[in-house]
Amino acid sequence: MINGEIIFVNHLAFNFNTYIKFKGEIFMKKDLLKEFIGAKYEYDDYIYTYVSTENEYSDAGWRAVVKDKTKTTYGSLLHSINEKPLTSIAQCFNGCTELTSFSNNFVIPNTVINCFSAFINCSKLETLPQSFQIPQNAILCMSMFMNCSSLHDVNLIFPESAIRLQQSFLNCTNLTETITIKAPQCIFFQHLMTQKIQ
């Protein structure tokens, strides 16, 4: 959580712990509308956008996407901003074709529900740090690692909540470890595309 920092929302600087800009107006935190849709916050490697419910499975919260798709590694994600959780990393790293690894302390917060296509087309991504885990509340993981053709030596466990796994490992042809799926009613269709599924 970030407290008391001066940041920019729609090019306006303000103290995020006290004020927010919503639809062109400034509100005190105590008067803040429940959903300040469209607010943006840039921090470290990411742009965070506050979104309403993205689909039937997720609540309103922050969605993260990278600012620069040409980097070879990225830092940690924020867990929350102004007491609002990070709930989506949908397409966060989509097209980061130079990405090879993450920082050793990289984690996806357990508040994240939507991991749709989070790492799709990261064709140079080879390994994941030991700290990496699928969020305990993740539901949507379709195409999560699709076309990560260099990915190998990973040991992932999808939690019981993860019921949407279509094409999550399509074209991941170099996996060497086991992928465990605990979800009893997961929908992954025909395209997990790895022999290392149990």
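So, here's what we can say about the structure. Small disclaimer: the values here were computed from a predicted structure and weren't measured. (Residues numbered from 1 in each chain as written. Predicted model: local features only at pLDDT ≥ 70, side-chain atom pairs only at ≥ 80, totals over all residues. Heavy atoms only, no water.)

**Brief notes about the overall build of the protein chain**
Rule in force here: Helix numbers and strand numbers start at the N terminus; a helix is a DSSP run of H or I with at least 4 residues, a strand a run of E with at least 2. Think of it in three bands: with a 1.4 Å probe and only protein chains considered, a residue is buried below 20% of the maximum accessible area for its type, exposed above 50%, and partly exposed in between. We call two residues in contact when some of their heavy atoms are within 4.5 Å. Each accessible area is a Shrake-Rupley result for a 1.4 Å probe, and residues are judged covered by the shown protein chains and nothing else.
Counting its secondary structure elements, the protein chain contains zero helices and 13 strands. The helix and strand sequence of the protein chain, counted from the amino end, reads β-β-β-β-β-β-β-β-β-β-β-β-β. Sorting the 198 residues of the protein chain into buried and exposed places 45% on the buried side. In the protein chain, the share of contacts with a sequence separation of at least 24, taken over all contacts with a separation of at least 6, comes to 56%. Carbon and sulfur atoms make up 47% of the accessible area of the protein chain, which totals about 9800 Å².

**Thoughts on the sheet that holds strand β10 (residues 84-88)**
Note the threshold: Any two strands with at least two DSSP bridges between them are considered paired.
Read from one edge to the other, the open sheet built from five strands follows the order β5-β6-β7-β10-β9, with strand pairing classed as mixed. The outermost strands of the open sheet, each flanked by one partner alone, are β5 (40-43) and β9 (80-81).

**Concerning the nonpolar core**
Going by this rule: To qualify as a nonpolar core, a set must consist of buried Ala, Val, Leu, Ile, Met, Phe, Trp, Tyr and Cys residues joined through side-chain atoms within 4.5 Å.
Counting 47 residues, the largest nonpolar core has Tyr-48, Phe-93, Phe-119, Phe-132, Met-144, Phe-145 and Phe-158 as the members making the most contacts within it. Secondary-structure elements contributing two or more residues to this core are β6 (46-51), β7 (61-66), β12 (156-158) and β13 (179-181).

**Let's talk about the pairing of β10**
For β7 and β10, the ladder comprises two bridges, and the chain directions are parallel. Looking at β10, one finds that Arg-63 is bridged to Ser-88. Sheet topology note: the β9/β10 ladder contains two bridges and is antiparallel. Residue pairing for β10: Ser-80 is matched across the bridge by Pro-85. Between β9 and the antiparallel strand that follows it, β10, lie two residues; Asn-82 among them carries a positive phi value of about 55°.

**Thoughts on the packing of aromatic side chains**
To keep things clear, this is the line we draw: The pairing test for Phe, Tyr and Trp rings, Trp by its six-membered ring, is centres within 6.5 Å, and the orientation test on the planes gives stacked under 30 degrees, edge-to-face over 60, and tilted for anything in between.
For the structure on display, the rule yields 17 aromatic pairs. With centroids separated by 5.2 Å and ring planes inclined at 5°, the aromatic side chains of Phe-93 and Phe-119 adopt a geometry described as stacked. Remark: Phe-119 occurs in the loop between β11 (101-102) and β12 and Phe-93 occurs in the loop between β10 and β11; sequence separation between them is 26 residues. Classification of Phe-93 by relative accessible area gives buried; the value is 0%. Exposure remark for Phe-119: the relative accessible area of 0% places this residue in the buried category. A ring pair is formed by Phe-102 and Phe-119, whose centres lie 5.8 Å apart and whose planes are at 85°; its orientation type is edge-to-face.

**Observations regarding the side chain of Ser-168**
The following threshold applies: Two N or O atoms count as a polar contact when they lie within 3.5 Å, although within protein this holds only if one can serve as hydrogen donor and the other as acceptor, and sequence-adjacent residues are included solely when both atoms are side-chain atoms.
Along the chain, Ser-168 falls in the loop between β12 and β13. Exposure remark for Ser-168: the relative accessible area of 0% places this residue in the buried category. From its side chain, Ser-168 meets the backbone oxygen of Leu-165 in a polar contact 3.0 Å long.

**A few points about the side chain of Ser-88**
With respect to the helices, strands and loops of the structure, Ser-88 is situated in strand β10. A distance of 3.2 Å separates a polar atom in the side chain of Ser-88 from the backbone nitrogen of Ala-90.

**Side note on the environment of Cys-92**
Relative to the assigned elements, Cys-92 resides in the loop between β10 and β11. Sequence-wise, Cys-92 and Phe-119 are 27 residues apart; in three dimensions their C-alpha atoms are separated by 6.9 Å.

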